[in-house]
Amino acid sequence: MTVAVESAVARLERVSYWYPNQDEPSLRAVDLEIGPGLTLIAGDSGGGKSTLLRIFDGLVPQFHGGRVSGRAQVTGLDPFRTPIPRLAQRAGLVFQDVETQSVYGSVEREIAFGLENLGVARAEMHDRVDEAMTALGIEGLRARRLATLSGGERQRVALAAVLVLRPALVALDEPTSQLDPEGAAAVLAACRGLAAEGRAVVVAEHRLETLAPAADRVVIVEGGRVRSGVDGRLPPARVAHARPPRVNGELAWEMRGVAAGPAGPAREPVLHDVSLAGGRGEVVALFGPNGSGKTTLLRTLAGLLPPLAGTVRRPAGRTAYLPQNPGALLHLPTVREEVALTLRRALSAESPEAMLAAFGLARLAERYPRDLSSGERQRAALAATLAGSPALVLLDEPTRGMDLAARRSLAATVEALTAAGAAVVLATHDTELAAELADRTIEVRGGRATEPAGGATPPAATRPTATPTAHPPLGVGTR
């Protein structure tokens, strides 16, 4: 069917697309018109949402290669043939994996990069950078280096770098997946503002409960096909099922008087005097605004960052750590080999097939992980991380880009791991996930980590002694 609107900013006619070396198309005979206003793109992971967005700025097919059929126009230009730098002035795309989108090391230079390429006068450049940063509430990040930002902060910087060009069409791939409520509200407000100005804003998201009420239209992409959310149905809403707390077992991990921060000459603490502990079979959720130190806490607990002060203890056995960017973890030719590598390092006789099946990856087992959609790549990283019965599991934004089925797979796998005695610590903005899985929550804010009244960690005298372990080497003990 054709999903049409008046005054189309972008139009696709019978567009099909095949990635290189793929027999099945990722998009199938798509007829779609995008007009001014906010368009929400919904659908399961791997259904073709990201591929559709990448047509708007010419990355598909010009950068990714492969085969394309049909016709398309975006802001009056042919995205299949117009040079990408020219198209980028009219159509901007913010990737889900914002780590791959940056050019400069500092925030202000990164946002100004596109304007520099266009030769915009310095005074106007400053005004437009200020305007974009103010719209997204990131003025305080101006002098920061990108390497010091949280994933959510980097997401807003990447959006600012697109907005500063004032494109007629803005496409956002999972823009709120790593954002705290304040950041998500700022992105939604920016999208509404752009739509009110008459621009086309296209957002691919799984967090429908936030964006659907603000959308002018909904388009659903499933199996490479497009249908309207008017004559179809939206994917089911996520429902949180709160669970009773588990009975805590013996102490699994402990941080005592820890100060922590990124490696480097300055070694400035991000966290101060952190004293926390968790038991075997327990799930602890970390909450807090973007940039508050949740990732720093996880990396210090994993042994990837040595504490600047205090002590860290972990259980004997393997520590599994999932970073915010799953691409940093995956490097082998196939998804199956990624899982098999973890099992070999864990000296496990388990077959990779069990974990592949648990995350719905059986049909993708022979695919190259970096060719997968963002949601599929997240599932592959989780399968590779959680295989082999780890003793301590550390997950940083584990539901990033994941649909409902994948979230259920994650919840089931965490339940199985904790039943076997694993301790789990996860950093998330996903309140539904925390309600479903967490026994306790810790708020990380202002360099401190505190537990709500009534759920405080018991004093050291009442806890069994944990076995200290050496910091595991990168790529071995953290996966």
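Conventions used here
- Residues numbered from 1 in each chain as written.
- Predicted model: local features only at pLDDT ≥ 70, side-chain atom pairs only at ≥ 80, totals over all residues.
- Heavy atoms only, no water.
- Axes fitted to C-alpha atoms, helices over the stretch in contact; angles between N-to-C directions.
- Helix = DSSP H or I, 4+ residues; strand = E, 2+ residues; numbered from the N terminus.
- Parallel < 35°, antiparallel > 145°, perpendicular 65-115°, else oblique.
- Left-handed = near helix turned anticlockwise from the far one by under 90°.
- Contact = heavy atoms within 4.5 Å.
- Nonpolar A, V, L, I, M, F, W, Y, C, P; charged D, E, K, R; others polar.
- Pairing = 2+ DSSP bridges.
- Phe/Tyr/Trp six-rings, centres within 6.5 Å; stacked < 30°, edge-to-face > 60°.
- Buried < 20%, exposed > 50% of the residue type's maximum accessible area, 1.4 Å probe, protein only.
- Lys NZ or Arg CZ within 6 Å of the ring centre and 35° of its normal.
- Lys, Arg positive; Asp, Glu negative; His and termini not counted.
- Salt bridge = Lys/Arg side-chain N within 4 Å of Asp/Glu carboxyl O.
- Polar contact = N/O pair within 3.5 Å; in protein donor to acceptor, adjacent residues only side chain to side chain.
- Core = buried A, V, L, I, M, F, W, Y, C linked by side-chain atoms within 4.5 Å.
- Expected span 1.5 Å × (residues − 1).

Some words on the packing of helix α10 (residues 335–345) against helix α12 (residues 374–386)
α12 packs onto α10 with a crossing angle of 25° between their chain directions and a minimal axis gap of 7 Å. By the angle between their directions, the pair α10 and α12 is classed as roughly parallel. The handedness of the crossing between α10 and α12 comes out as right-handed. Residue-level inspection shows V335, E338, V339 and T342 of α10 in contact with α12, the latter providing A380, A383 and A384. Among the residues making up the contact of α10 with α12, the classes are represented as five nonpolar, one polar and one charged.

Quick look at the sheet that holds strand β14 (residues 309–313)
Read across the open sheet, the three strands follow the order β12-β11-β14; overall the sheet is antiparallel. Looking at the sheet topology across the chains shown, the edges are occupied by β12 (271–279) and β14. The average angle at which neighbouring strand axes cross in this sheet is 10°, direction not considered. Here six bridges tie strand β11 (residues 251–260) to β12, and the two strands are oriented antiparallel to one another. Within β12, the position partnered with E254 by the bridge is A277. Relative to β11, helix α9 (residues 294–302) is tilted by about 120°, and along the sheet it contacts β11, β12 and β14.

Concerning the packing of aromatic side chains
Throughout the structure, instances matching the rule amount to two aromatic pairs. Ring geometry for Y17 versus Y19: centroids 4.8 Å apart, planes at 75°, classification edge-to-face. In this structure, Y17 and Y19 share a single accessibility class: buried. Here Y104 and F113 contribute two aromatic rings whose centre-to-centre distance is 5.7 Å and whose plane-to-plane angle is 75°, an arrangement assigned as edge-to-face. Of the residues examined, Y104 reaches a relative accessible area of 27% and is grouped as partly exposed. On the accessibility criterion, F113 (27% relative accessible area) is partly exposed. Across from the ring centre of F95, 4.8 Å away, lies the NZ or CZ of R54, which sits over that ring. The lysine or arginine in question, R67, covers the ring of W18, its NZ or CZ lying 4.3 Å from the ring centre.

Some remarks on the side chain of R379
By secondary structure assignment, the location of R379 is in helix α12. At 4.4 Å, E376 is the nearest oppositely charged side chain to R379, a buried residue that forms no salt bridge. Only 3.0 Å separates the side chain of R379 from the backbone oxygen of F359, close enough to count as a polar contact. Sequence-distant contacts of R379, that is, excluding residues within four places in its chain, are made with S45, F359, G360, L361, M402 and A406.

Focus on the nonpolar core
Grouped together as the largest cluster of nonpolar side chains are 45 residues, with contacts concentrated most on V107, I111, L136, I138 and V157. A per-element tally of this core places helix α7 (residues 181–196) first, with seven residues. If we skip the residues at most four places from it in the chain, L136 touches R156, L159, A160, L163, A186, V187 and A190. By size, the runner-up hydrophobic cluster in this structure holds 37 residues, among which are L356, A411, L426 and A438.

A short note on the pattern of salt bridges
Summed over all chains, the structure comprises 21 salt bridges. In this structure, E108 and R142 form a salt bridge, with 3.0 Å as the shortest nitrogen-oxygen distance. Highlighted residues: E108 in helix α4 (residues 107–118) and R142 in the loop between α5 (122–135) and α6 (151–163), separated in sequence by 34 residues. A salt bridge links R227 to E222; the shortest N-O distance between them is 3.4 Å. Given a relative accessible area of 36%, E222 falls into the partly exposed group.

Notes on α7
Over its 16 residues, α7 extends 22 Å from the first C-alpha to the last, a length consistent with the 22 Å expected when each residue adds 1.5 Å. Taken together, the buried positions of α7 are occupied by G183, A184, A186, V187, L188, A190, C191, L194 and A195. Looking at the buried side of α7, the elements it contacts are β4 (37–42), α5, α6, β7 (169–173), β8 (200–204) and α8 (208–211).

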